[in-house]
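The primary structure of each chain is shown beneath.
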Amino acid sequence: MTEEQTVVFKVFEDDKMLDNVIVPIAMGADHVFYFSHVDHSEKSMNICREFLKRNEAGCSFLFMDEDYDLEYWFRRYPSAIVDMTGARYILLRLFELANQYQNPIFYFDSEENTIKNYRARKSMSYPYPLLTIEDIVYLGGGTIQKHIHNAPNLNNKKHCELIRRAVEMNIEQYDRFVSYVNSVHSMVGKFDGETTEISDEAVKKIKNYELTRTMKELRLFTINGNAFSYRSREVKQLFEVAGSWLESYLYIKMKESELFDDVMMSVVIDFSSRRRTPYPVTCELDLLALRDNRLIFISCKSNKVDSSALYEVKLHSTLFGNQLSTSAVCTAEELDRRNPSIYTKARELGIAVIDRSLMKEDRAVDALLDAALGKFEYEEIRP
């Protein structure tokens with residue numbers, strides 16, 4: 001290490017990966033020395049080591065058996081920055097020595113989501129480092145493997161408008177819309193190419209559905225004789241996976257709002273090579289959204305929301321997020337009225353509930369942003 005390089009002293013914590021890296025990255029660290037009085041998971045250290053390497057920084061993990069060991073490093077790197085994020089004995093000792101040797105002291109304030117200079121008593125003046133969704137998931141021990149189905153192309157304005165109108169036209173009885181989509185798809189079946197032949201009975205049933213008539217202006221599909229064709233390949237995919245309508249709708253609204261730094265839809269997270277856990281080695285997420293390093297895990301439920309859905313999205317947030325991460329469930333039913341016990345359970349677990357009333361009032365995206373920032377307000381349960 002040379003005198004010109006930036007060195008950061010930090011206490012390492014297995015379960016707070018964002019805290020481990022956020023200040024060093026912000027300071028443009030060339031090397032981070034992680035101190036500890038206890039042993040740490042090799043996997044956690046490797047994740048941290050590899051992440052810093054991607055940000056052109058190195059690191060060392062040092063086990064401190066005696067306090068005087070710390071003083072050696074302060075004498076060796078007299079201009080080292082001390083990262084005070086966290087709360088352990090060895091951290092207090094770092095603080096004491098930093099004061100003694102007059103080292104610069106910085107810390108990450110997770111409540112205000114800023115990095116502060118202890119001596120200046122103010123936030124740093126240079127840009128705050130914004131991580132990506134992939135970064136947050138990676139620090140949580142997972143990798144984004146693939147997408148289950150494609151997110152809508154925002155440049156295809158007509159298709160996005162079609163999704164918006166279809167969902168909003170049916171928001172009052174969304175379960176009926178989902179049932180309709182599934183029924184049409186079951187009668188038509190999967191097919192390659194642009195058209196397929198269906199039976200006279202199927203033609204009659206599809207044409208007699210009330211939603212076929214009320215949504216005629218959307219032209220989701222056409223029937224000429226016995227020849228059936230979807231409006232487009234993208235619409236065909238929506239009929240093949242009925243749940244993707246609500247996911248796509250919220251994805252479009254969130255992306256177009258520009259309130260989030262990034263939004264991803266229908267992703268598979270793989271953590272088989274990163275952690276040993278009793279849980280499955282992959283999981284599926286309907287939506288992921290990021291704002292100021294706060295990652296929100298979103299589960300979209302076209303039909304019934306139950307306890308398993310709540311526990312699943314909460315588990316994903318815990319496994320792959322960090323202390324800033326939150327979770328939400330989005331449903332087209334009035335959950336506080338239809339199922340107050342589940343609504344109450346969501347509140348107990350800290351899971352935001354985005355339901356029909358918020359969607360009808362066009363407040364779903366704002367509510368998701370509030371949830372990500374820890375400001376979500378729950379409805380009062382009415383008797």
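Please refer to the structure placed before this passage.
Here's what I pulled together on the structure shown here.

### Section: the environment of N99
Argument step 1. Position of N99 among the secondary structure elements: in helix α4 (residues 89–101).
Argument step 2. Using a relative accessible area of 27% as the deciding quantity, one classes N99 as partly exposed.
Argument step 3. With 20 residues separating them along the chain, N99 and R119 place their C-alpha atoms 9.9 Å apart.
Argument step 4. If we ignore the near neighbours within four places in the chain, the residues touching N99 are I105 and R119.
Argument step 5. Among the polar contacts listed, one links the side chain of N99 to the side chain of R119, at a separation of 3.2 Å.

### Focus: the packing of helix α10 (residues 233–240) against helix α11 (residues 244–257)
Argument step 1. Between α10 and α11, whose axes approach to 8 Å, the crossing angle comes to 125 degrees. For the element pair α10 / α11, the angle class is oblique. In this structure, α10 contributes Q237, L238 and F239 to the contact, and α11 contributes S244, W245 and S248.
Argument step 2. Broken down by class, the residue content of the contact of α10 with α11 amounts to three nonpolar, three polar and no charged.

### Some points on the sheet that holds strand β10 (residues 221–224)
Argument step 1. Spatially, the three strands line up as an open sheet ordered β9-β11-β10, and their pairing is antiparallel. Each edge of the open sheet carries a strand with a single partner, namely β9 (196–197) and β10.
Argument step 2. In this sheet, strand β11 (residues 227–230) lies alongside β9 in antiparallel orientation, the contact comprising two bridges. Along β11, the bridge assignment pairs T196 with F228.

### Focus: the packing of helix α1 (residues 17–26) against helix α2 (residues 42–54)
The description of two helices packed together rests on the angle between their axes and the distance between the axes.
Argument step 1. Where α1 contacts α2, the two axes come as close as 11 Å, and the packing angle between them is 25 degrees. The angle between the axes of α1 and α2 places the two elements in the roughly parallel class. For the crossing formed where α1 meets α2, the hand is right-handed. Taking contact as the criterion, the partners of M17, N20, V21 and I25 in α1 are, on α2, S44, I47, C48, F51 and L52.

### Some details on the packing of aromatic side chains
Argument step 1. Across all of its chains, the model carries 24 aromatic pairs by this definition.
Argument step 2. Their ring planes at 75 degrees and their centres at 5.1 Å tell us that F9 and F74 sit as a pair that is edge-to-face. Of this pair, F9 sits in strand β1 (residues 7–11) while F74 sits in helix α3 (residues 67–76), placing them 65 residues apart in sequence. Accessibility classification places F9 together with F74 in one group, the buried group.
Argument step 3. Ring centres 5.0 Å apart and planes at 80 degrees place the aromatic pair Y72 and W73 in the edge-to-face group.

### Notes on the pattern of salt bridges
Argument step 1. In total, this model carries 17 salt bridges according to the counting rule given.
Argument step 2. Note that E256 is salt-bridged to R164, the shortest N-O span being 2.9 Å. Of this pair, E256 sits in helix α11 while R164 sits in helix α6 (residues 157–169), and the two are 92 residues apart along the sequence.
Argument step 3. Using a relative accessible area of 37% as the deciding quantity, one classes E256 as partly exposed.

### Considerations on the nonpolar core
Generally speaking, soluble globular proteins have nonpolar side chains that are buried together.
Argument step 1. Ranked by internal contacts, the top residues of the largest apolar core, which has 114 residues, are F221, F228, W245 and I298.
Argument step 2. The contact partners of F228, leaving out residues within four places of it in the chain, are V184, V188, F191, E194, T195, T196, I198, I206, F221, T222 and I223.

### Concerning the pairing of strand β15 (residues 326–331)
Argument step 1. Among the six residues that make up β15, six are buried, leaving the element largely enclosed by the rest of the structure.
Argument step 2. Pairing of strand β14 (residues 294–301) with β15, which is carried by six bridges, proceeds in the parallel orientation. For S299, the partnering residue across the bridge sits in β15 and is V329.
Argument step 3. Crossover handedness for the path β14 to helix α12 (residues 307–320) to β15: right-handed.

### Brief notes about α6
Argument step 1. Its 13 residues place the ends of α6 18 Å apart at the C-alpha level, agreeing with the 18 Å of an ideal helix rising 1.5 Å per residue.
Argument step 2. For α6, the set of buried residues is H159, C160, L162, I163, R164, A166 and V167.

### Points about α4
Argument step 1. Under the 1.5 Å per step criterion, the end-to-end length of α4 is 18 Å for 13 residues, consistent within 8% with the ideal 18 Å.
Argument step 2. Taken together, the buried positions of α4 are occupied by I90, L91, R93, L94, L97 and A98. When α4 is viewed along its axis, its buried side chains cluster within an angular range of 155 degrees and face the same direction.

### Concerning the sheet that holds strand β12 (residues 262–270)
Argument step 1. What the six strands build is an open sheet, ordered β8-β12-β13-β14-β15-β16; its pairing is mixed. The outermost strands of the open sheet, each flanked by one partner alone, are β8 (143–147) and β16 (351–354). Each neighbouring strand pair of the sheet contributes to a mean axis angle of 40 degrees, computed without reference to strand direction.
Argument step 2. Summarising the sheet, β12 and strand β13 (residues 282–291) pair through eight bridges and their orientation is antiparallel. From the neighbouring strand, M265 faces β13, where its bridge partner is L287.
Argument step 3. In this fold helix α16 (residues 364–372) packs onto β13, β14, β15 and β16, with an angle of close to 135 degrees to the strand it touches most, β14.

Rules of the game
Residues numbered from 1 in each chain as written. Predicted model: local features only at pLDDT ≥ 70, side-chain atom pairs only at ≥ 80, totals over all residues. Heavy atoms only, no water. Helix = DSSP H or I, 4+ residues; strand = E, 2+ residues; numbered from the N terminus. Buried < 20%, exposed > 50% of the residue type's maximum accessible area, 1.4 Å probe, protein only. Contact = heavy atoms within 4.5 Å. Polar contact = N/O pair within 3.5 Å; in protein donor to acceptor, adjacent residues only side chain to side chain. Axes fitted to C-alpha atoms, helices over the stretch in contact; angles between N-to-C directions. Parallel < 35°, antiparallel > 145°, perpendicular 65-115°, else oblique. Nonpolar A, V, L, I, M, F, W, Y, C, P; charged D, E, K, R; others polar. Pairing = 2+ DSSP bridges. Left-handed = near helix turned anticlockwise from the far one by under 90°. Phe/Tyr/Trp six-rings, centres within 6.5 Å; stacked < 30°, edge-to-face > 60°. Salt bridge = Lys/Arg side-chain N within 4 Å of Asp/Glu carboxyl O. Core = buried A, V, L, I, M, F, W, Y, C linked by side-chain atoms within 4.5 Å. Right-handed = clockwise from strand over helix to strand, strands pointing away. Expected span 1.5 Å × (residues − 1). Arc of directions from axis to C-beta.

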